[in-house]
Amino acid sequence: MNSPTEQIRTEARRLLESGDVSVVIGYGPGSTPARATPVFVRRAEDVDRLFWSPACAQNLALYVREQAGRGKVAVVAKGCDARSIATLIQEKQTRREDVYIIGVACSGVVDPGRLAPAGVDEGTLKSLAPENGGLKADCGDRDVRLEREMVLKRACLFCDTPVPPLSDTLIGEAPPLQPATDQTLPEDLDARREFWAEQFSKCVRCYACRQVCPACYCKECFTDRLPVGWVSKRIAGPENWMYHTTRAFHLAGRCVGCGECERVCPADIPIQTLMRRMAGEVDALFGYRAGMDPDAEPVLATYRDDDEGPAE
Amino acid sequence: MAETPEVFEGAETMNGQAAEGTWEPKILGILCNWCSYAGADLAGSARLQHPPNVRIVRVPCSGRVDPQFVLKGFLRGFDGVLVSGCHPGDCHYAKGNYYARRRLTLLTRFLETMGIPRERFQFQWVSASEGARWAESVREMTERIRKLGPFQGVGRPVPLLIPVVARQAETQPVGVEAQ
């Protein structure tokens, strides 16, 4: 069978030649074998710019909204990315008929920031390929076997939707993976408060987490509002706490757990630990998981008469 | 926000008093105009004794309560937050409290993730005729918070560098070195 890269190119060529879509948003090789870069292919002869590798970390749903109204787009989407697109459809940021999802079954993508701690020099890395449930890194003079736990984007270790629940064509097969359980958060409440105080004190308010998030599409974010009032821009523990808790709540029932926020965070804040908890609570309370059904009402934009609540 | 409303100023002062042993629980109450606010008013007119520890903010509907209001209450040092609205089915705007119920039930659980015990946040229904229920809930919550003690606050104290730099920027013209 053809490689995923070949299949993506074939599909992209077909879509562009037939004029079904105006652009294919996918991944191209980045500056090192551990990095990919988003590419926008508009002509059939350019499809060779597309590729697939364990480096394809970005959530390309981020670009779907800005293409809305410019005709149909095709997007290469992993499980999480497809769920992001479904969320955008639910929230009427794009229409199902305007997106063609080239789904890719994914066994996890690499966080380049974790290579050095795993003993791999990204500068001399020649190639990075999947191998027996892990990865093989060709470092020029030697091959290094890398376990998933060492180098994958952390969110990938907790992934339970490697196959896009929504796609127009599907490439690859479901990998046999068991999602891990997040045990980062202490059980004791005081310890938790202290844990978050410690984590958020590292935040420099660069807003990379917000910029990279396909669900953070407000034209004006609460934290950018002037005059400064509800959430101060001061870079300090309590204000950072306010920023992150509010953002978590704004993403309640909307975050699909792609983990891009965490990957791009320069301060290494475990944002997904917060988001996973929130998603878990939403599932427990309302039996709802973000982005699994493009026709579902967004969970906090609706209600049921028998929702859990205070005693009457 | 040009100036801090008094309701928030009070909370910060109260934290200061904690060290001196005169601590009293300070509770932020967010009440819907149509039911709970009227219920609290009724408790007052009926001379029902209840502790003065709740500072009330009136909102049009419990559906108006952004979870941020609650988070902000804890940020500014309140020891507890109480949100009170119309019973399900009684909402003046038909369904505002149903949306509030989803949001605030989720918030209750989320607070525990943040390390804030759910006892510090109360979400309840009080109708305009339930003055006694209001008074009882305030008594009950005040005593509960008193047992829990002062809220320890969120986040680490402010690093000194940031405000100093900000202050310099205010007093020094751009591009001029400090003497």
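For the structure given in this document, a descriptive report is provided here. Bear in mind the structure is a predicted one, so any value in this text is a computation, not a measurement. (Residues numbered from 1 in each chain as written. Chains lettered and ligands numbered in written order. Predicted model: local features only at pLDDT ≥ 70, side-chain atom pairs only at ≥ 80, totals over all residues. Heavy atoms only, no water.)

### Describing the sheet that holds strand β5 (residues 127–131) of chain A
All names here are of chain A. Spatially, β5-β6-β7 is the arrangement adopted by the three strands of the open sheet, whose pairing is antiparallel. In this open sheet, the two edge strands, each paired with only one partner strand, are β5 and β7 (143–146). Between one strand axis and the next, the sheet turns through 25° on average, direction left out of account. Where strand β6 (residues 134–138) lies against β7, four bridges are found, and the strand directions are antiparallel. Among the inter-strand pairings, L135 is bridged to a residue of β7, identified as L146. (Pairing = 2+ DSSP bridges. Helix = DSSP H or I, 4+ residues; strand = E, 2+ residues; numbered from the N terminus. Axes fitted to C-alpha atoms, helices over the stretch in contact; angles between N-to-C directions.)

### A word on the nonpolar core
Grouped together as the largest cluster of nonpolar side chains are 60 residues, with contacts concentrated most on V24, I85 and L146 of chain A. Contributions of two or more residues to this core are made by α1 (4–17), β1 (23–29), β2 (36–41), β3 (73–77), α3 (79–90), β4 (99–104), β6 and β7 of chain A. Ignoring any residue separated from it by four or fewer positions in sequence, one finds L146 of chain A in contact with L115, A118, V120, L128, G134, L135, A137 and V151 of chain A. C265 of chain A together with V65, F69 and L106 of chain B belong to the second-largest nonpolar core, a separate cluster that totals 59 residues. (Core = buried A, V, L, I, M, F, W, Y, C linked by side-chain atoms within 4.5 Å. Buried < 20%, exposed > 50% of the residue type's maximum accessible area, 1.4 Å probe, protein only. Contact = heavy atoms within 4.5 Å.)

### Observations regarding the state of the cysteines
By the definition in use, this model includes one disulfide over all chains. Here C35 of chain B pairs with C86 of chain B through a disulfide, and the sulfurs are 2.2 Å apart. One quick way to see it: the torsion about the S-S bond of C35 of chain B and C86 of chain B is about 100°, and its sign makes the bridge right-handed. In this pair, C35 of chain B sits in the loop between β1 (27–32) and α2 (36–45) while C86 of chain B sits in the loop between β3 (80–85) and α4 (96–113), placing the two residues 51 residues apart along the sequence. Note on C86 of chain B: relative accessible area 3%, which makes it buried. C80 of chain A takes part in no disulfide bond, and the closest cysteine sulfur to it belongs to C258 of chain A, at a distance of 5.5 Å. Note on C80 of chain A: relative accessible area 15%, which makes it buried. (Disulfide = S-S within 2.5 Å.)

Keep in mind these values describe shape, not function.
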